[in-house]
Amino acid sequence: MGKRAKRDIILLILLCQGMIFNERDQELRDLGYQKHAFNMLISNRLGYHRDVPDTRNAACKDKSYPVDLPVASVVICFYNEALSALLRTVHSVLDRTPAQLLHEIILVDDDSDFDDLKGELEEYVQKYLPGKIKVIRNTKREGLIRGRMIGAAHATGEVLVFLDSHCEVNVMWLQPLLAAIQQDQRTVVCPVIDIISADTLAYSSSPVVRGGFNWGLHFKWDLVPLSELGGPEGATAPIKSPTMAGGLFAMNRHYFNELGQYDSGMDIWGGENLEISFRIWMCGGRLFIIPCSRVGHIFRKRRPYGSPEGQDTMTHNSLRLAHVWLDEYKEQYFSLRPDLRTKSYGNISERVELRRKLGCKSFKWYLDNIYPEMQISGPNAKPQQPIFINRGPKRPKVLQRGRLYHLQTNKCLVAQGRPSQKGGLVVLKACDYSDPGQIWIYNEEHELVLNNLLCLDMSETRSSDPPRLMKCHGSGGSQQWTFGKSNRLYQVSAGQCLRVVDPLSHKGYVAMAICDGSSSQQWHLEG
Ligand code: LR7
Ligand code: MN
């Protein structure tokens, strides 16, 4: 078989991973989106082992690392994670880490509610993962910040490596992280975080970017300034990063303790990533992204859980970090959020004392030396370019252009209202050959774009709901469609085919249904 044919077959298999065959599949998919905000049907079908594409740049593949690297304890906190995603995370570490470098994996169950994370996980670990895996159960919900501190307290390896519970590590991921820490104990390192699609679980490379933040105290990705690129080591050299995303990093265990672990007054989720980043830089450490280490993470569009009493923990945690670390610059935060000026944030005296004891530098020093790109607001402040990590500026190539014709009814799929209406439905109407608003483009990303503007989309809906017209996001999944055998139009993340609800009705409603090749499911893009 030719290389191209092989690639096409693999692509086809990947695109069909989410196919729904019966009601059980449909339930599993919809429940998965509700509970986890990703496609659990595909996650379960993938199982616990798979290869992922080696996304490192070519120069990384020639690098070698010392044999006497320090050993690592991998700490993974989870709350209501999909068991298949958690175990794939664990197995990816076991499958792609040299055994002599992996001291242990510590799973911290943050008082999850799901039964399979109790008995079934326990049994699986005892039966198939003896020795290196420890499971720790929090007796009450602590949140990921105290959860990681609990995991770290049980760890005995020289280096701590933190991972989210829905990751897959790539080949040779750990050695470059450990090597950097071995050279300097006060160096904290992050892998490049590759993208695992929440809709298709497809693993794809992400560009090398670095961490920044804005004055709302939200993490953001920044382009790497030219001054940081192109040293003697070229594309394999560590990249100085002002902040980290938070979930995936490695750090010497004693240094983690010395530096004050985390702020145990922070709850559930948010803010700890900026807090530890500022603390590392201001108190004598360094933070780098290591381009030769790659780990995939499932990026979802919403967080599927809240905090126990519905508190906004991101704000609570950000307030604590602002009052401890930002000095006079906390004014920048409050000018964006004046409502927070008088809001209480608990007792921070221990963290203020930690800052004094460690002899940390000022936030002004951090801004001047580590993040000079940061804009300080004032009359001369200019807005910064946002970065899209999913799609570059290039437009996908058009494969086909024309009307989307329903064979049985001789009608065309068009917008119910204006074709430029975001969130609008699509319905069957009489084909109008003079109307450019009926023209679809099918492109190499498998998107169906109406009127050159909006994409046909199935996101955040139940699999039986109708698709809608949404802004094209370029990351596949909910906007990926394929034309298959017997003229079917298959939606990749819904795992179903587009059908006309009632071919005799003039309303022309469409919806998704199990692919059965029937005439209500036959389409043709004519152009
Ligand atoms: O109460 C909780 N208890 C937990 O144990 C809530 C969460 N968790 C676990 C959860 O199961 C997961 O394994 O903590 C981990 C992180 O939670 P996510 O996956 O919901 O977080 P996220 O990926 O949306 O958020 C990013 O920012 C967070 C801020 O608090 C954390 O630092 C996350 O680790 C971090 N994730 C990453 O950095 C991955 C790359 C994302 C980017 C950019
Ligand atoms: Mn995550």
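Residues numbered from 1 in each chain as written. Chains lettered and ligands numbered in written order. Predicted model: local features only at pLDDT ≥ 70, side-chain atom pairs only at ≥ 80, totals over all residues. Heavy atoms only, no water.

## Remarks on the coordination of the manganese ion (ligand 2)
(1) Moving on: Looking at the manganese ion (ligand 2), the protein donor atoms are Asp164 (OD), His166 (NE2) and His297 (NE2), and they sit 2.2 Å from it.
(2) Moving on: Between consecutive donor residues of the manganese ion (ligand 2), the sequence gaps follow D-x1-H-x130-H. Of the two residues, His166 is situated in the loop between β4 (159-163) and β5 (167-169) and His297 in strand β12 (residues 286-299); the sequence distance between them amounts to 131 residues. Side by side, His166 and His297 carry an identical accessibility label, which is buried. (Donors = N, O, S within 2.8 Å, 3.2 Å for Na, K, Ca; no water. Helix = DSSP H or I, 4+ residues; strand = E, 2+ residues; numbered from the N terminus. Buried < 20%, exposed > 50% of the residue type's maximum accessible area, 1.4 Å probe, protein only.)

## So, the site of ligand 1
(1) Moving on: Every one of the 26 residues lining ligand 1 counts as a neighbour, but Asp110, Ser165, Gly270, Glu272 and Tyr305 are closest to it.
(2) Moving on: In the model, an oxygen atom of ligand 1 is placed 2.9 Å from a nitrogen or oxygen of the Cys77 main chain.
(3) Moving on: Between Asp164 and ligand 1, the recorded distance is 2.8 Å, taken from a side-chain N or O atom to an oxygen atom.
(4) Moving on: Relative to its free-state accessible area of 810 Å², ligand 1 is covered by the protein chains to the extent of 92%.
(5) Moving on: Elements represented by at least two residues in the shell around ligand 1 include exactly β1 (72-78), α7 (144-154) and β12.
(6) Moving on: Of the residues in the shell around ligand 1, the class split is 12 nonpolar, seven polar and seven charged. (Near = heavy atom within 4 Å. Polar contact = N/O pair within 3.5 Å; in protein donor to acceptor, adjacent residues only side chain to side chain. Areas by Shrake-Rupley, 256 points an atom, 1.4 Å probe, with all protein chains shown as cover. Nonpolar A, V, L, I, M, F, W, Y, C, P; charged D, E, K, R; others polar.)

## Observations concerning the UniProt feature "signal peptide" (unreviewed entry) in the protein
(1) Moving on: This chain's UniProt record puts "signal peptide" (unreviewed entry) on residues 1-24.
(2) Moving on: The span residues 1-24 is 67% helical and 0% strand by assignment, and the distance between its end C-alpha atoms comes to 36 Å. (UniProt positions renumbered as here; feature names shortened; annotations may be inferred.)

## Points about the environment of Glu272
(1) Moving on: With respect to the secondary-structure elements, Glu272 resides in helix α10 (residues 272-282).
(2) Moving on: Considering only alpha carbons, one finds Glu272 and Ala82, 190 residues apart in sequence, at a separation of 24 Å.
(3) Moving on: Contacts of Glu272, omitting those with residues within four sequence positions, involve Leu144, Ile145, Arg148, Gly246, Tyr262 and Met266. (Contact = heavy atoms within 4.5 Å.)

## Topic: the domain arrangement of the protein
(1) Moving on: As assigned here, the protein comprises domain 1 (46-52 + 68-300 + 312-368) and domain 2 (396-523).
(2) Moving on: One C-alpha centre belongs to domain 1, the other to domain 2; they are set 40 Å apart. (Domains from an automatic or database assignment.)

## Digging into the pattern of salt bridges
(1) Moving on: As enumerated under the stated definition, the model contains 29 salt bridges in all.
(2) Moving on: Ionic pairing is found between Arg137 and Asp109, a salt bridge with its closest N-O pair at 2.9 Å. You can see Arg137 sitting in strand β3 (residues 133-137) and its partner Asp109 sitting in strand β2 (residues 102-109), a full 28 residues away along the chain.
(3) Moving on: Residue Arg337 is joined to Asp339 by a salt bridge in which the shortest nitrogen-to-oxygen separation is 3.2 Å.
(4) Moving on: By relative accessible area, which is 29% here, Arg337 ends up partly exposed.
(5) Moving on: Shared partners join several salt bridges into a network, and the residues in it are Asp109, Lys118, Glu122 and Arg137. (Salt bridge = Lys/Arg side-chain N within 4 Å of Asp/Glu carboxyl O.)

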